[in-house]
Amino acid sequence: MNNDPVPIVLRADVEVDRPVAQVWTLVADYDRDPEWRAGVTTMAPVPSGPVTPTTITSELLRTGGRTYRNGGEVTSLDPGTRFTWRTTPGADVDADGARSVEPLGPGRCRVRLEMRVRPRGVQQRLLTPFLRCMLRRGLAADLRRLRALAEQDTHSEPSEAASRQRRWST
């Protein structure tokens, strides 16, 4: 019998009325995650700013009544269009995924978020149907916030509130 967890696989997209380059600056800047990802109270990328092939992250995420500390790393990068990521050993969540932006015409693009989460332990595996539903709704809501932020954002600078939230508190 195989004890490897069956991953929860999610993919969601949203169309945004902004040019690819402008939306990419938002999607590929982990410093800005607290502005559009619900529950992300801290996101500390190294280096700060747009993702690089060597970017690592420290994330503090509050969801489902729990707080999760997750280390992560960028695993591949196609500048301006797509990057992949995964959590690192010791993270509270075993996951990987991708973020991408593709043009749909002048001043319009599609953002796609992909995620695979592997529940750990018997109790979490029993909750997989609930977790799948919760993650699907959360991903869709995050994309709605991202679209609203991108469409009202005329620059790529993080907000002052996001800058305060992005670093680990010790």
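A short tour of the structure in this document, coming up.

**As for unusual backbone geometry**
For residues besides glycine, phi is generally negative; the peptide bonds are generally trans as well.
1) Next: Cis geometry is adopted by the peptide bond preceding proline 47, which originates at valine 46 and carries an omega value of 0°.
2) Next: Among the structural elements, proline 47 can be located in the loop between strand S2 (40–46) and strand S3 (56–63).

**Let's talk about the pairing of S3**
1) Next: Here S2 runs beside S3; their pairing, made up of six bridges, is antiparallel. Paired with methionine 43 across the two strands is glutamate 59, which belongs to S3.
2) Next: With eight bridges joining them, S3 and strand S4 (residues 66–78) adopt antiparallel strand pairing. Paired with serine 58 across the bridge in S4 is glycine 71.
3) Next: Following S3, the chain reverses through two residues before pairing antiparallel with S4; glycine 64 in that reversal takes a positive phi of roughly 55°.

**Observations regarding the environment of aspartate 142**
1) Next: With respect to the helices and strands, the residue aspartate 142 is situated in helix H4 (residues 128–152).
2) Next: The spatial distance from the C-alpha of aspartate 142 to the C-alpha of alanine 12 is 9.9 Å, given a sequence separation of 130 residues.
3) Next: Residues within four places of aspartate 142 in sequence aside, it is in contact with Trp36, Arg37 and Ala38.
4) Next: In this structure the side chain of aspartate 142 is engaged in a polar contact, spanning 2.4 Å, whose partner is the side chain of arginine 145.

**Comments concerning the packing of helix H1 (residues 20–27) against H4**
1) Next: At a minimum axis separation of 10 Å, H1 and H4 run at an interaxial angle of 125°. By the angle between their directions, the pair H1 and H4 is classed as oblique. H1 and H4 meet at a crossing whose hand is right-handed. The residues of H4 that touch H1, namely those facing Gln22, Val23, Leu26 and Val27, are Leu146, Leu149 and Ala150.
2) Next: Across the contact of H1 with H4, the residue classes tally to six nonpolar, one polar and no charged.

Quick notes on the rules
Residues numbered from 1 in each chain as written. Predicted model: local features only at pLDDT ≥ 70, side-chain atom pairs only at ≥ 80, totals over all residues. Heavy atoms only, no water. Helix = DSSP H or I, 4+ residues; strand = E, 2+ residues; numbered from the N terminus. Pairing = 2+ DSSP bridges. Contact = heavy atoms within 4.5 Å. Polar contact = N/O pair within 3.5 Å; in protein donor to acceptor, adjacent residues only side chain to side chain. Axes fitted to C-alpha atoms, helices over the stretch in contact; angles between N-to-C directions. Parallel < 35°, antiparallel > 145°, perpendicular 65-115°, else oblique. Left-handed = near helix turned anticlockwise from the far one by under 90°. Nonpolar A, V, L, I, M, F, W, Y, C, P; charged D, E, K, R; others polar.

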